[in-house]
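Residue-level structure breakdown
Below, each chain spelled out in residue letters.
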Amino acid sequence: MARKGNANMACSQSENGCIASFSLFSEKAVQELLHSPLQGSDDHLIEFSETLRTVAKTLRRVAEGKASAQAEAAEWKRKFELERARNLKLENRGKSCLEFHPDLDDMRTNNPTNQPALCNETNEKSERCSRNGICSHEVLRDGNPDSDSHSKMIRKASFKLSWCCKGEQSDQQKHDIVSFERGNITTAERSSKQISLKWESSPQTVLILTKPNSVPVQILCAEMIRWLRQQQKLHIYVEPRVRVELMMESSYFNFVETWKDGKEISALHTKVDLVLTLGGDGTVLWAASMFKGPVPPIVPFSLGSLGFMTPFYSEHYKECLESILKGPISITLRHRLQCHVVRDAAKNEYETEEPTLVLNEVTIDRGISSYLTNLECYCDNSFVTCVQGDGLILSTTSGSTAYSLAAGGSMVHPQVPGILFTPICPHSLSFRPLIMPEHVTLRVQVPFNSRSPAWVSFDGKDRKQLAPGDALVCSMAPWPVPTACLVDSTNDFLRSIHEGLHWNLRKTQSFDGPRES
């Protein structure tokens, strides 16, 4: 009974008295006291149990307060990074005239009065490109940049995007929706209209990514490379594994280029005009994961078991590629999620792990634990809910037909901007999936009173553990994944759910049945 008396003394005044002395108990100790056998009258036992529950509630409020403070700090960090990026962009705009005119110093020395006019001319040209079109061009240099004798100038293919509604081209310029910076597609605001890409200069470099361990894919890849080289005169990049396979087949493929390390992979978007994928949806996910920033247009050929994002048939690759290289083509801008893992041990919100981009979904689940997950969810610092169940799925609209659909989420057109919030087997019948707007920042935290850690995976890979106090912060990434359409984004989406899911497939009702009189 001594243990009961001490607890009553600690919390005898009120719940505020419990707040002053709650540090005497950890939640684990509270749970042990709640479940341990006690000696004494029933009234004393009830009083003691209520006192411990009050302490447990106080501990939970403290944990929720910390989670709210961390969410607020994450939002301030995001605003700070946006402001810093905006300031850097303004500084680079001032320096652009020096980069564009290497002999500007001589001109400034000879005629300093012409300097403002020259910079203004350059800025006006840049603004004209951004204002009218959404145009893309970037000059590339192959070889050693310090060597002028062996360098060769290559101009990356330029293109222009236009938005169409109900088959008619929109007259409104969409520079506020999609802008281009040095030939890279980025989205500030999203649009659900049909998007058309028109080449302003012919593509010169193609990257081919293939599904591994498939003999038909290897045969098609070799045949496609021969045709692209001989008929289209294109430069071709492949993965190191594929180049080894090609060289084992024939020394003819010596012209095929590849990369050696991650640094060269990160620079691929400055060299590649078009990406061809030979495989299923998994190959498209692999292609998107290679580009941490801007992504060139992707042409996905169906050679796998799933085909929600692969509308092109490999049997007709020559006709398809001739049409695509000639243009214009319809594209779908598939948005990605940018995910940060914030550890509880971090000294501040800036000590986050390297961000991960996902095209389908990020999943937080209970892993091998037999306990339900306990996840606290916030949307722009507003508390959403506490997830108790098998886990939670944060999905893009492109991933709405993947894991989110299997967990009861809705199918959403991939061009619709949004983030799907889908629980996995929730411990509540009223917990229904949500669709959040694309501009929000979602934060999912494992509370300190969670019985077990959680596990997070990104597009089914890179599985990481989230200990109590750790959090996952997700927002829409600025770099979408443009994929070419066989017809247009709506036609391809409806065809994929009809053929891939047999959506609403049933026998037609007999016409010779009873009729209304």
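Details of the structure are given in the entry above.
My aim in this report is to walk through the structure given alongside it, one point at a time. Sequence order as written defines residue numbering, which begins from 1 separately in each chain. Local features in a predicted model are, by the rule used here, given only for residues with pLDDT of at least 70; side-chain atom pairs are given and counted only at 80 or more, and totals for whole chains, interfaces and linings are based on all residues. Note: side-chain values were computed over all heavy atoms of the structure, leaving out hydrogens and water.

1. Observations regarding the pairing of strand β11 (residues 298-302)
For clarity, the threshold we go by: Partly exposed describes any residue whose relative accessible area lies between the buried limit of under 20% and the exposed limit of over 50%, with all areas from a 1.4 Å probe on protein chains only and scaled to the type maximum. Here a strand is any run of E in DSSP of at least two residues, a helix any run of H or I of at least four, and the numbering for each starts at the N terminus. Handedness of a crossover: with both strands directed away from the viewer, a clockwise path from the first strand across the helix to the second marks it as right-handed.
Where burial is concerned, most of β11 is hidden: four out of the five residues are buried. In the classification by handedness, the crossover that spans strand β10 (residues 274-279), the intervening helix α10 (residues 281-290) and the parallel β11 is right-handed.

2. Some details on the pattern of salt bridges
Short version of the rule: In the sections that follow, a salt bridge refers to a side-chain nitrogen of Lys or Arg positioned within 4 Å of a carboxyl oxygen of Asp or Glu.
Overall, the coordinates contain six salt bridges when judged by the stated rule. The salt bridge involving arginine 343 is made with aspartate 470; its shortest N-O contact spans 3.0 Å. Taken as a pair, arginine 343 in the loop between β14 (337-342) and β15 (356-358) and aspartate 470 in the loop between β23 (461-466) and β24 (471-476) lie far apart in primary sequence, 127 residues in all. A relative accessible area of 5% means that aspartate 470 is categorised as buried. One salt bridge connects arginine 463 with aspartate 365, and the closest N-O pair in it is separated by 2.7 Å. One end of the pair, arginine 463, is in strand β23; the other, aspartate 365, is in strand β16 (residues 361-365), with 98 residues separating them in the sequence. Classification of aspartate 365 as buried rests on a relative accessible area of 14%. What emerges from the salt-bridge pattern is a single network uniting Glu239, Arg241 and Glu245.

3. Digging into the nonpolar core
Operational definition: The criterion is simple. A nonpolar core is a set of buried Ala, Val, Leu, Ile, Met, Phe, Trp, Tyr and Cys residues joined through side-chain atoms within 4.5 Å. Residue contacts are defined here by distance: any two heavy atoms, one from each residue, within 4.5 Å place the two residues in contact.
Among the nonpolar cores identified, the biggest contains 39 residues, and Ile208, Met224, Ile225, Leu228, Leu276 and Phe301 are the most heavily contacted of them. At eight residues, the largest contribution of residues to this core is made by helix α7 (residues 215-232). Those residues in contact with isoleucine 208, other than ones at most four positions away along the chain, are Cys221, Ile225, Leu228, Ile236, Tyr237, Val238, Glu239, Leu276 and Leu278. Cys377, Cys379, Leu394 and Cys474 belong to the second largest nonpolar core, which has 27 residues in total.

4. Brief notes about the side chain of glutamate 239
Counted only if it meets this: Pairing of N or O atoms within 3.5 Å defines a polar contact, subject to two protein rules: one partner must be a possible hydrogen donor and the other a possible acceptor, and residues neighboring in sequence count only if both atoms are side-chain atoms.
Looking at where glutamate 239 falls in the secondary structure, it is placed in the loop between β9 (235-238) and α8 (240-249). You can call glutamate 239 buried: its relative accessible area is 9%. Within the structure, the side chain of glutamate 239 is placed 3.2 Å from the side chain of tryptophan 286, a separation counted as a polar contact. Those residues in contact with glutamate 239 that lie beyond four places of it in its chain are Ile208, Leu209, Thr210, Thr258, Trp259 and Trp286.

5. Focus on the side chain of serine 489
One can find serine 489 in helix α13 (residues 489-501). Polar side-chain contacts of serine 489 include one of 2.8 Å to the side chain of glutamine 194.

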